[in-house]
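Survey of secondary and tertiary structure
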Number of protein chains: 2
Amino acid sequence: MELNSYKTDQRILIAVDCIILGFDGEQLKVFLAQKELNSANNWSAIGSFIQPEETSEDAAGRLLYQVTTKANVYIEQLHTFSALDRDPAARVVSIVYLALINIADYHEQVHFPHDTKWFSLNNLPPLMLDHRDMILKAHARLREKVVTNALGFELLPKKFTMSHLKSLFEAIYGSPLDRRNFIKKINSLGILKRLNEKEKESSRKGAFYYVFNNSKYVAFERVDAKRK
Amino acid sequence: MELNSYKTDQRILIAVDCIILGFDGEQLKVFLAQKELNSANNWSAIGSFIQPEETSEDAAGRLLYQVTTKANVYIEQLHTFSALDRDPAARVVSIVYLALINIADYHEQVHFPHDTKWFSLNNLPPLMLDHRDMILKAHARLREKVVTNALGFELLPKKFTMSHLKSLFEAIYGSPLDRRNFIKKINSLGILKRLNEKEKESSRKGAFYYVFNNSKYVAFERVDAKRK
DNA sequence: CCAAAAGTGTTTAAACTACACCCATGC
DNA sequence: GCATGGGTGTAGTTTAAACACTTTTGG
């Protein structure tokens, strides 16, 4: 910015909104809050004004911790929205983050001061302001990054089967995948470790559990970077 | 954000910075301004505080127009920086944009109130605040997007030869490319149109000029989107 | 013994890589 | 006539896509 114009009086407020995505085994879901009853478009992403002593990352982390009460949740900056009329009550610029969590851990929404609910991305409720755009952009980002980065495992529990993983990718892409080719490709990345343990609920035969192997993932990232 | 806390008095200023990239035929360059003489780290990206009645896109466009005096310049939002200590003089959050221009059009820097200069990305001057991070992030974004999106043509003049284009991609990737394979790949995208006109300066034989075919590009984009 | 999901392999096509020779022309 | 950059093709490898049968076991 221009150093010689610090005098500018902007009166613009800065908010942070978190698009928190989860996966219920069948569909991608987003965690929304309802702040005012009897309002038409009253669902919104989890958000807050940024505090003077915190960064936008701090604020996003604070919101996320409020929802999850966990550290080390995957989060990345998505986009900053600054349309003049995006909030009729005041001039508010919103820095939006995308977070991915394992939905199963948070079905009971403890410690959150609003009415909250998970909504399928295919069936969003009326949303306030430009929060629908935020959610669509979050979904688009996830679709893009899941190809190159080994992203998306954050949406599953620690242990998962190949069927779970395939369902997740199908939900993200919105189209069916060939089971054999999918498994082949995932295995070729070398980022999963098969456990000697089977999930027995969804089939007679039982399906092996896998865990995401973080160390191998780092190696994969380096290879990918070098290739470019 | 939370509607019930509009009272928050933040006193955080919002700036917009533009990382303007160009290509001089050999190297990627960034357009920087020097605002204060006799200061150690005194080069910076083109920036300004956001005005109360403009969006961040407006502000970025305004800055860009100041430099280029042209409309229709490629620009996209890059990242928002909000570290507490990023500007010692005040709490400033900066929304950063990435712009790509044809450097040849702007060697004489008209209408700009500061000392300005193009710097090679490989040889950056001392930069104020976190502007070095911004530039590195811009370069990274360009590297990522140039693969999937047919981006980067904005950095070349309307007419260019395959050698020019190859040099550009080599500068973006930072590594040499095989001429034959490169041309084959570019042609397979069907986004270029060969003119019946040759550039005769850099070789005896002369090299065909090409132009970027926007309509074909749109088709390419659609195909790509559907594939996902 | 059968229903339901798990597990596995092959064939074909497409994309990418490496690599070498001829062309046109100004000097 | 030769040096310089321009233009093109092919063979080998890797990766992606299409596709079907066998395995396990609870009921």
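Figured I'd write up the structure that's included with this text.

Definitions and cut-offs
- All residue numbers refer to position in the chain's written sequence, counted from 1.
- The order in which chains are written sets their letters, starting at A; the order in which ligands are written sets their numbers, starting at 1.
- Residue-level local features of this predicted model are given only where pLDDT is at least 70; pairs of side-chain atoms are given and counted only at 80 or more, and the full residue set underlies all totals for whole chains, interfaces and linings.
- Just so you know, side-chain values use all the structure's heavy atoms and leave hydrogens and water out.
- When at least one non-hydrogen atom of a residue lies within 4 Å of a molecule or strand, that residue is treated as near it.
- We call two N or O atoms a polar contact when they sit within 3.5 Å, provided that within protein one can donate a hydrogen and the other can accept it, with sequence-adjacent residues counted only if both atoms are side-chain atoms.
- Under the scheme used here, helices are H or I runs from DSSP no shorter than 4 residues and strands are E runs no shorter than 2 residues, and both carry numbers assigned from the N terminus.
- Following the grouping adopted for this structure description, the nonpolar residues are Ala, Val, Leu, Ile, Met, Phe, Trp, Tyr, Cys and Pro, the charged ones are Asp, Glu, Lys and Arg, and the polar ones are all others, Gly among them.
- When a residue's accessible area, from a 1.4 Å probe over protein chains only, is under 20% of the maximum for its type it is buried; when over 50% it is exposed; and in between it is partly exposed.
- By this rule the span expected of a helix is its residue count minus one, scaled by 1.5 Å.
- Along the arc lie the directions from the helix axis toward the C-beta atoms.
- When two rings of Phe, Tyr or Trp (its six-membered ring) have centres within 6.5 Å they constitute a pair, described as stacked for plane angles under 30 degrees, edge-to-face for angles over 60, and tilted for the intermediate range.
- The rule for a charge over a ring is simple: NZ of Lys or CZ of Arg within 6 Å of the ring centre, and within 35 degrees of the ring normal.

Regarding the protein's contact with DNA strand C
Near DNA strand C you find 18 residues, and of these S163, R179 and R180 of chain A together with R180 and R204 of chain B are the closest. Here a base oxygen of DNA strand C and a side-chain polar atom of K184 of chain A are 2.9 Å apart. The contact in question runs from a base oxygen of DNA strand C to an N or O atom on the side chain of K205 of chain B, over 3.3 Å. Top contributing element to the surface near DNA strand C by residue count: helix α4 (residues 179–189) of chain B, with four residues. Residues that form the surface near DNA strand C fall into these classes: two nonpolar, five polar and 11 charged.

A closer look at unusual backbone geometry
Residue and element names in this part refer to chain A. The phi dihedral of N72 is positive, around 60 degrees, even though this residue is not glycine. Tracing the backbone through its elements, the reader meets N72 in the loop between α1 (56–68) and β5 (74–81). Here N72 falls in the exposed class, since its relative accessible area comes to 82%. A positive phi angle, close to 50 degrees, is found at L129, a residue other than glycine. Looking at the element boundaries, L129 is found in the loop between β7 (115–120) and α2 (131–148).

Concerning α2 of chain A
All names here are of chain A. End to end, α2 covers 27 Å across 18 residues, agreeing with the expected 26 Å (1.5 Å per residue, within 8%). Listing the buried residues of α2 in full gives H131, M134, I135, A138, H139, R141, L142 and V146. The buried side chains of α2 occupy one side of the element, clustering within an arc of 165 degrees when seen end-on.

A look at the protein's contact with DNA strand D
As a structural note, the neighbourhood of DNA strand D is formed by 19 residues, with R204 of chain A together with S163, R179, R180 and K184 of chain B the closest of them. Within 4 Å of the protein, the contacting atoms of DNA strand D are drawn from sugar and phosphate to the extent of 35%. In the environment of DNA strand D, a base nitrogen lies 2.9 Å from a nitrogen or oxygen atom belonging to the side chain of N181 of chain A. Here a phosphate oxygen of DNA strand D and a side-chain polar atom of S163 of chain B are 2.8 Å apart.

Comments concerning the packing of aromatic side chains
Residues and elements named next belong to chain A. All told, the structure shown has 12 aromatic pairs over all chains when counted by the stated rule. Geometrically, the ring pair formed by W43 and F119 is edge-to-face, given 4.7 Å between the ring centres and 75 degrees between the ring planes. Here W43 is found in strand β3 (residues 43–44), whereas its partner F119 is found in strand β7, with 76 residues between them in sequence. Each of the two residues, W43 as well as F119, counts as buried. Clustering of aromatic rings is evident, with ring pairs tying together F153, F160 and F212. Directly above the ring of F208 sits K198, whose terminal nitrogen or CZ lies 4.7 Å from the centroid.

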